[in-house]
Amino acid sequence: MKQVLKNLRSQVKLLNSLYYLVFLTFLMDLSIVGVLNINFLNANYIKVIFLSILAIMKIFVYGGFYGSLVDFCSGQEIFLTFRRFKQNVKDVWGSYIILSVFIWILYLILITNIPNCGITILSFFSYLDIVFCLCLAYLMIGKQYPLTRINRRFFDLEFLCSIFLLYLAKIVLVHVLESSNMGLAIIDKMIALMAQYFHFLLFINISTQFIKHCPCAIEDRQRPEIYLVSPVVSGVLEPIINNILGSLLGFFYPPVFLIISALTPKKYKIKEFYNRFWRDEYYQGNKLVVITCYTVNAYEAYSIAKGFKEKGSKVVIGGVHVSFLPDEALEFCDSVIIGEAVGAWEEVIHDYEKGDLKKKYYGLDYLDYPDSVQKELMRKNEEISSKLIETSRGCKFDCEFCTNFMMCGTQIRKKPVKDILSIIKKVRHKYKYICFLDANIFNDPNYFFELFESVKKLNVKWMASCTIDIAANEKALALAKESGCKMLRFGYEITDRSEEMKQGGKFSLANKYSALTKKVREKGIAVTAFLIFGHDSDNFKSFIDLVRFALVNPFLTRSVCILTPYPGTRLYYRKLAENKLRNLNWMEYNASRFVIKHDQLNEPLYEVIIPLIFNLIFFRPLTYAFLFAVFYALGVVIFSIPK
Ligand code: SF4
């Protein structure tokens, strides 16, 4: 009995972590009952329309939820993602509908043959709850793992006791609900919600039992695990946006996850954590944890590393920030990867298996990606593959404030054109809009022509980061347009009147910025602009120039950042030597704070007016229209509420 209660406790804990889905399924059922009881002035077709919509929603919510419960029971997932939820809906909806229809048919047979039996559909479903859960769990788990035949050992005493307890609780609640004459709707709803809760608990119980008796699932659970973690940035607003938009719309997938997955031996199970607030339940012992760290999320990365180390896991941190400050990171983790994962990761795995991790690993040979990375990219689903199309690594320029040159080396590494084309062909049926990951899509004009002459035939639309020198090349610009380019993101960084033009490199084109931008726009390609304020020569006049530049040029969007000396950049070392860094608090290195002491600027003032001007004044008309619509709707709702 002790064991039964212990198991039930852990299952209750699991279900409680998904309480909002229990509530959502309950709301779905409640809405259906509500629509059935509403009289639509004899317009039954309206009722049918509403019921059909609700039925589809119910299948979606229930299907995804049952699938997620199985994922949690089998240990495949430890948190819910929208992507996985959608996948579960696809896998489960058929079985769910068949079983529900089957029970409905049984009920209809019963009441046509014994009209006075007095059993309601609610009671009937409850009596058959065990059968429903057994069949559904069997079908779902059987899809993932080959199940052995159900034998006598399956129905052990512990299992029988627990399902009997849950089943009894559910039946009692349903009977209380049906015989309730308290007249208190809220109490009835509470009882119905509890009955719903016991239904899902029963399903978890049965699924857990199946998984316990499934050799493949057990084997799968025993596989060593690697956790890949990309922490969200510290702060308030950004993590929320990152988390909600990222997980719902799948905005961002860390490219390094793909590389590590490709290079890891298949015996390891990989769990990915990105776009998500960290929770203490995620800390586990006995894992290999890899955290990717860039300056602004360093604080989060270190605190997660510490949490895993305390649980007894081995922690490796890689990424731009720790590549330049490895000793800082080593205070929180076991090892640091300096440079790229390719060239270092195989050694990390080898040493981890020997139980002999080194402090530092070096991936500074700037190797081409091995074939396994391309294979992994082709294996991933289209949603992820479409976000990871990169044609080259590195950049032909070497801007003082950019880490690209230091991280990716001096050579530009181009991927074989045929590899890029095969990924585009794979994803284009689902994702017509491709966003290239390159730091600069126009690194090598010859390669650009070779690639986009072929892309032209694939009938896709694309956007990419680029340098403005593409506009000086008529042919390249024409080819970009013909091959489906819809938007180019230019890092202008300075204005056409900036003193920094003297630095040369990319900035030498600054006096032609407006003319070149006009050319791009004339081709029908939208331009998004990135500008930086806080250069050495910047002053009040430069700020006015910046506003003018952002205003007179036909940009689709423009964002202005404050010059930030990220560790590893030449700017960082220069400012460090000049003793001009305000602090080394990495949370402030978010491009909206002045971390450089500036001679000619009132820094706090500009920290306020830059976001104010560039977020409010330069909002696009569509944004204004949207805001107007929201406020108008709010006004209508508020003023139409009867007093
Ligand atoms: S052009 Fe862009 S990617 Fe290249 S070095 Fe400059 S800032 Fe970095």
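For clarity, every value in this text was computed on a predicted model and none was experimentally measured.

**So, the sheet that holds strand E9 (residues 433–435)**
Where strands meet in a sheet, backbone hydrogen bonds hold them as pairs that are either parallel or antiparallel.
Thought 1: Strand order in the open sheet formed by 5 strands is E9-E10-E11-E12-E13, and the pairing between neighbours is parallel. Only two strands of the sheet have a single neighbouring strand rather than two, namely E9 and strand E13 (557–562). Taken over all neighbouring pairs, the strand axes of this sheet differ in orientation by 15° on average, direction set aside.
Thought 2: Across 5 bridges, strand E10 (residues 461–466) lies against strand E11 (residues 485–493) in parallel orientation.

**Concerning helix H20 (residues 445–455)**
Thought 1: Turning to H20, its buried residues are Tyr-447, Phe-448, Leu-451, Phe-452, Ser-454 and Val-455. Looking down the long axis of H20, one finds its buried residues gathered within 150° of arc, a one-sided arrangement.
Thought 2: On its buried face, H20 is in contact with strand E8 (413–414), helix H19 (417–427), E10 and helix H21 (474–482).
Thought 3: Capping of H20 at its N-terminal end is provided by Asp-444; its side-chain oxygen lies 3.0 Å from the backbone amide nitrogen of Asn-446.

**With respect to the pattern of salt bridges**
Thought 1: By the definition in use, this model includes 42 salt bridges.
Thought 2: One salt bridge in this structure joins Glu-225 and Lys-271, with 2.8 Å as the shortest N-O distance. With Glu-225 in strand E1 (residues 225–229) and Lys-271 in strand E2 (residues 269–273), this residue pair connects regions lying 46 residues apart in the sequence.
Thought 3: Judged by relative accessible area, which is 8%, Glu-225 ranks as buried.
Thought 4: Residue Lys-271 is classed as buried on the basis of its relative accessible area, which comes to 7%.

**Considering the domain arrangement of the protein**
Thought 1: When its domains are assigned, the protein resolves into domain 1 (2–220), domain 2 (223–363) and domain 3 (381–630).
Thought 2: A C-alpha centroid distance of 37 Å is found between domain 1 and domain 2.
Thought 3: Contacts between domain 1 and domain 2 engage 11 residues on the former and 11 residues on the latter.
Thought 4: Between domain 1 and domain 2 the total buried area reaches about 980 Å² when both faces are included, carbon and sulfur atoms providing 47% of it.
Thought 5: Considering only the surface of domain 1 that becomes buried against domain 2, Ile-78, Phe-79 and Asp-220 emerge as the three largest contributors, covering 55% of it.
Thought 6: Taken together, domain 1 and domain 2 are joined by 0 salt bridges.
Thought 7: When residues of the side of domain 1 that touches domain 2 are traced back to their parent elements, those giving at least two are helix H4 (82–113) and helix H9 (215–222).
Thought 8: Within the side of domain 1 that touches domain 2, the residues separate by chemical class into 4 nonpolar, 3 polar and 4 charged.

What counts and what doesn't
- In this convention, every chain numbers its residues from 1, walking through the sequence in written order.
- Note on the predicted model: pLDDT of at least 70 is required for a residue's local features to be given, and 80 or more for side-chain atom pairs to be given and counted; whole-chain, interface and lining totals, by contrast, use all residues.
- As a convention, hydrogens and water are excluded, and side-chain values are obtained from all of the structure's heavy atoms.
- At least two DSSP bridges between two strands are required for those strands to pair.
- Helix numbers and strand numbers start at the N terminus; a helix is a DSSP run of H or I with at least 4 residues, a strand a run of E with at least 2.
- Helix axes are fitted to C-alpha atoms over the stretch in contact, other axes to C-alpha atoms as well, and angles between N-to-C directions run from 0 to 180 degrees.
- Think of it in three bands: residues with accessible area under 20% of the maximum for their type are buried, residues over 50% are exposed, and the middle band is partly exposed, with areas taken using a 1.4 Å probe on protein chains only.
- An arc is given here, and it is the one of the directions from the helix axis to the C-beta atoms.
- The criterion used for residue contact is that any of the two residues' heavy atoms lie within 4.5 Å.
- Any N or O atom pair separated by 3.5 Å or less is treated as a polar contact, with the protein-specific requirement of one donor-capable and one acceptor-capable atom, and with residues adjacent in sequence counted only for side-chain atom pairs.
- What counts as a salt bridge is simple: a side-chain nitrogen of Lys or Arg found within 4 Å of a carboxyl oxygen of Asp or Glu.
- These domain limits were set by an automatic method or by a database of domain assignments.
- The term buried area denotes the loss of accessible surface (1.4 Å probe radius) that occurs when two parts are joined, taken as the sum for both partners.
- Each residue gets one of three labels, nonpolar for Ala, Val, Leu, Ile, Met, Phe, Trp, Tyr, Cys and Pro, charged for Asp, Glu, Lys and Arg, and polar for the others, Gly among them.

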